[in-house]
Amino acid sequence: MRRYWFGDIDGSECTPAQGDEDRILERCDTIREKVDATFVPLSVDEACTCGFFADREEYLARLRSVTIRDARKKILEAFSEGDAELIQMVRMLDEMDEVVNLLTEKAGEWYLVKNPGFSRKYKSMSAKRMVGVMKKERGPLGKICAEIDGLSNHRAALMRDISKRTDAVMPNCSALVGGLVAARLMERAGGLSNLAGLPASTIQVLGAEGALFTHLRAGSPPPKHGIIFQHRRVHNAPRNVRGKVSRAVAGKLAIAAKIDYYRGELDPEFIERAQARIDVVGEKE
Amino acid sequence: MKVIRGTIVSEGEGGVYGERMLNGCRVWDPHRSKLPAAVLNGAPLDLAADMRVLYMGAANGTTVSHVADYVETVYAIEFAPRPMQDLIEVARRRPNIVPIMADVNRPEVYGCFVEAVDMIYQDVAQPNQADILRKNLPFLKDGGTAVLMLKARSVDVRKPTEEIAEETCAALREMGLTIVWTGTLNPYHRDHMAIICTK
């Protein structure tokens with residue numbers, strides 16, 4: 001018997017699939033005919049002769065309606081996991097960083113021209129404070145700086161949102177390396193399911209692709225860390241053990257991502273053990 | 001394929017992705033799409049009006065929309081949700097596109113939707129491209145054409161493109177296919193090879 005989306009064909013006997021499109025799709029999910037040398041692809045003519053459809057046009061219209069419905073359902077499923085929006089939030093955050101820095105720099109140059117007596121030297125003035133000062137300028141510069149200030153406030157709020165959401169979407173990774181780093185790793189992997197499928201060695205160098213490929217191509221030293229470097233225990237570690245710490249963190253992260261994806265809840269015991277292990281590695285000479 | 005003053009075009013409703021129009025036809029940019037790039041480089045490819053095509057790696061439906069202008073039916077397979085949104089939109093306006101959201105590594109999942117086809121077009125940027133084609137070969141009619149757009153950098157970053165193409169060709173011959181044409185997609189797409197074979 002050959003099973004297709006519209007029904008079964010057994011020799012000269014044809015049995016149509018019953019029910020509405022959702023029922024048809026449910027049935028399709030049970031069809032897993034091996035596609036090998038003995039596989040017979042469906043024939044639209046056969047489907048029409050069997051009386052399932054009047055002609056090819058009607059056949060295609062029905063098929064398209066079914067597959068589009070199926071695709072829509074799958075898209076919805078993929079986006080409802082919570083990690084899809086988190087990815088977009090992380091990308092927006094990184095972009096905002098870039099934009100705020102660029103705008104601040106340009107505004108600073110402008111301000112210097114308008115105030116020839118001013119210099120930032122010996123003033124230890126942060127970019128944020130600089131914007132605060134420039135905001136008081138009259139005219140367009142002041143207005144633009146007010147916007148920059150607003151943008152960086154939005155950025156701060158977005159960062160808090162990301163941390164909060166990461167705690168919910170990937171609690172174990174978040175507990176291990178903090179919300180922002182966990183979210184960035186997930187973004188780079190392309191989703192929580194992808195991150196859960198990655199080996200620790202890949203997680204270790206996620207975000208250092210440039211260095212990794214130069215290493216593979218030209219034999220330069222391999223990167224010790226990618227995004228993971230942003231985690232304090234990696235960048236605070238003494239140089240000689242930084243690679244080790246990074247490897248340990250990546251190893252525990254790989255496990256944490258799997259717990260997050262397949263179990264979805266915080267495992268305090270695991271976190272405790274993982275933290276202890278990472279700390280031990282960091283202390284070693 | 002239809003060519004106006006050296007530019008490959010297709011006849012159909014325009015405005016899919018902001019493509020330019022030429023004498024009422026949609027310009028098919030070789031820089032955006034690999035198929036016209038291969039044709040301009042001399043690939044013996046023709047899309048006939050009675051063809052049925054299995055298109056793997058349909059992405060946003062840009063190339064798919066052009067292919068659909070030429071042939072009878074396109075089964076467009078795409079796995080990622082974001083491009084699938086666009087593909088559905090393209091398919092809604094072109095009744096000869098059947099969009100299917102599935103993994104090309106698992107033909108048993110979409111085998112119940114796809115009929116026997118005259119051409120398999122594969123553009124998937126995966127490391128196991130020959131293997132993917134082998135899995136989907138039962139859909140191809142005897143004498144049908146398989147077009148492989150090989151992105152060398154997705155297979156191995158270290159090896160030169162030609163070497164990867166040679167390896168892939170060997171794998172294709174092993175599964176009983178006859179290689180008709182191979183060529184690069186320079187200058188339109190770097191590190192890409194097109195392989196055309198028949199069953």
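This structure is a prediction, so every number in the text was calculated from the model and none was measured.

J.: So what exactly am I meant to see when it comes to the interface of chain B and chain A here?
T.: In many analyses, interface size is given as the accessible surface area lost on bringing the parts together. Each partner contributes to the interface: chain B provides 24 residues, whereas chain A provides 32 residues. Contributing elements (two or more residues each) for the side of chain B that touches chain A: α3 (81-93), β7 (97-101) and α4 (107-110) of chain B. Top contributing element to the side of chain B that touches chain A by residue count: α3(B), with five residues. Residues belonging to the side of chain B that touches chain A are distributed by class as follows: 17 nonpolar, three polar and four charged.

J.: Looking at this model, I keep getting lost on the sheet that holds strand β1 (residues 2-4) of chain A. Mind explaining?
T.: Strand pairing within a sheet occurs via backbone hydrogen bonds; the two strands may be parallel or antiparallel. All names here are of chain A. Strand order in the open sheet formed by three strands is β1-β2-β3, and the pairing between neighbours is antiparallel. Where the open sheet ends on each side, the last strands, each with one partner, are β1 and β3 (13-16). Each strand axis lies, on average, 15° off the axis of its neighbour in the sheet, ignoring direction. Two elements, β1 and strand β2 (residues 7-10), share three bridges in a ladder whose sense is antiparallel.

J.: Quick question: what am I supposed to make of helix α7 (residues 161-174) of chain B here?
T.: Residue and element names in this part refer to chain B. An ideal rise of 1.5 Å per residue puts 20 Å on 14 residues; α7 measures up with 20 Å between its terminal C-alpha atoms. Taken together, the buried positions of α7 are occupied by Thr161, Ile164, Ala165, Thr168 and Leu172. End-on view of α7: buried residues confined to an arc of 100°, all on one side of the axis. Facing away from the buried side of α7 by over 90 degrees, the exposed positions are Glu162, Ala170, Arg173 and Glu174. Where α7 is buried, its residues touch α5 (129-136), β9 (140-151), α6 (152-155), β10 (178-184) and β11 (192-198). Immediately beyond the C-terminal end of α7, within one or two residues, lies Gly176, with a positive phi of roughly 90°.

J.: For this particular structure, what's the right way to read the nonpolar core?
T.: By size, the foremost hydrophobic cluster in this structure holds 84 residues, and its most contacted members are Tyr55(B), Val64(B), Val74(B), Tyr75(B), Ala76(B), Ile77(B) and Ile120(B). By residue number, the principal contributor to this core is β9(B), which donates six residues. Residue contacts for Ala76(B): discarding those within four places in its chain leaves Tyr55(B), Ala58(B), Gly61(B), Val64(B), Leu87(B), Ile97(B), Val98(B), Pro99(B) and Ile100(B). By size, the runner-up hydrophobic cluster in this structure holds 38 residues, among which are Leu86(A), Ala183(A), Leu195(A) and Ala274(A).

J.: What am I meant to see in the pairing of strand β2 (residues 7-10) of chain B here?
T.: Two faces make up the sheet, and in a regular strand the side chains alternate between them. All names here are of chain B. Pairing between strand β1 (residues 3-4) and β2: two bridges, direction antiparallel. Residue Ile4 lies in a different strand from β2, and its bridge partner there is Thr7. Sheet topology note: the β2/strand β4 (residues 25-27) ladder contains two bridges and is antiparallel. Its bridge partner lying in β4, Val9 is registered against Val27.

J.: What's the story with the domain arrangement of chain A in this structure? I'm lost.
T.: We note that the domain assignment places domain 1 (2-79), domain 2 (81-169) and domain 3 (170-285) within chain A. Placing the centre of domain 1 of chain A and that of domain 3 of chain A at their C-alpha centroids yields a distance of 44 Å.

J.: How should the environment of Ala152(B) be read in this particular structure?
T.: Within the element layout of this structure, Ala152(B) appears in helix α6. Sequence separation between Ala152(B) and Glu89(B) is 63 residues; the distance between their C-alpha atoms is 30 Å.

J.: Before we go on, may I ask you to explain unusual backbone geometry in this structure?
T.: Note on backbone geometry: most residues besides glycine have negative phi, and most peptide bonds are trans. All names here are of chain B. A cis amide bond links Asn186 with the next residue in sequence, Pro187, at an omega value of -5°. Of note in the backbone geometry, Asn23 takes a positive phi value of approximately 50° without being a glycine. Relative to the elements of secondary structure, Asn23 occurs in the loop between β3 (21-22) and β4. Look at Asn23 and you get exposed, because 11 C-beta atoms sit within 10 Å. Although it is not a glycine, Ala125 adopts a positive phi angle of roughly 50°. Residue position: Ala125 is located in the loop between β8 (117-122) and α5.

J.: Whenever I open this one, the sheet that holds β8(B) confuses me. Can you help?
T.: Across the sheet, which stays open at both edges, the seven strands sit in the order β7-β6-β5-β8-β9-β11-β10 (chain B) with mixed pairing between neighbours. The two strands at the open ends of the sheet, each matched to only one other strand, are β7 and β10 of chain B. With direction set aside, neighbouring strand axes in the sheet form an average angle of 15°. Where strand β5 (residues 52-56) of chain B meets strand β6 (residues 73-78) of chain B, five bridges bridge the pair, whose relative direction is parallel. Bridge pairing links Val53(B) to Val74(B) in β6(B). Helix α3 (residues 56-79) of chain A rests against β6 and β7 of chain B of the sheet, and its axis sits at about 30° to β7(B). Against the sheet, α5(B) makes contact with β5, β8 and β9 of chain B, and its axis sits at roughly 160° relative to β8(B), the strand it touches most.

Parameters at a glance
- Residues numbered from 1 in each chain as written.
- Chains lettered and ligands numbered in written order.
- Predicted model: local features only at pLDDT ≥ 70, side-chain atom pairs only at ≥ 80, totals over all residues.
- Contact = placed C-beta atoms within 7 Å.
- Helix = DSSP H or I, 4+ residues; strand = E, 2+ residues; numbered from the N terminus.
- Nonpolar A, V, L, I, M, F, W, Y, C, P; charged D, E, K, R; others polar.
- Pairing = 2+ DSSP bridges.
- Axes fitted to C-alpha atoms, helices over the stretch in contact; angles between N-to-C directions.
- Expected span 1.5 Å × (residues − 1).
- Buried ≥ 20, exposed ≤ 12 C-beta atoms within 10 Å, placed from the backbone.
- Arc of directions from axis to C-beta.
- Core = buried A, V, L, I, M, F, W, Y, C linked by C-beta atoms within 7 Å.
- Domains from an automatic or database assignment.

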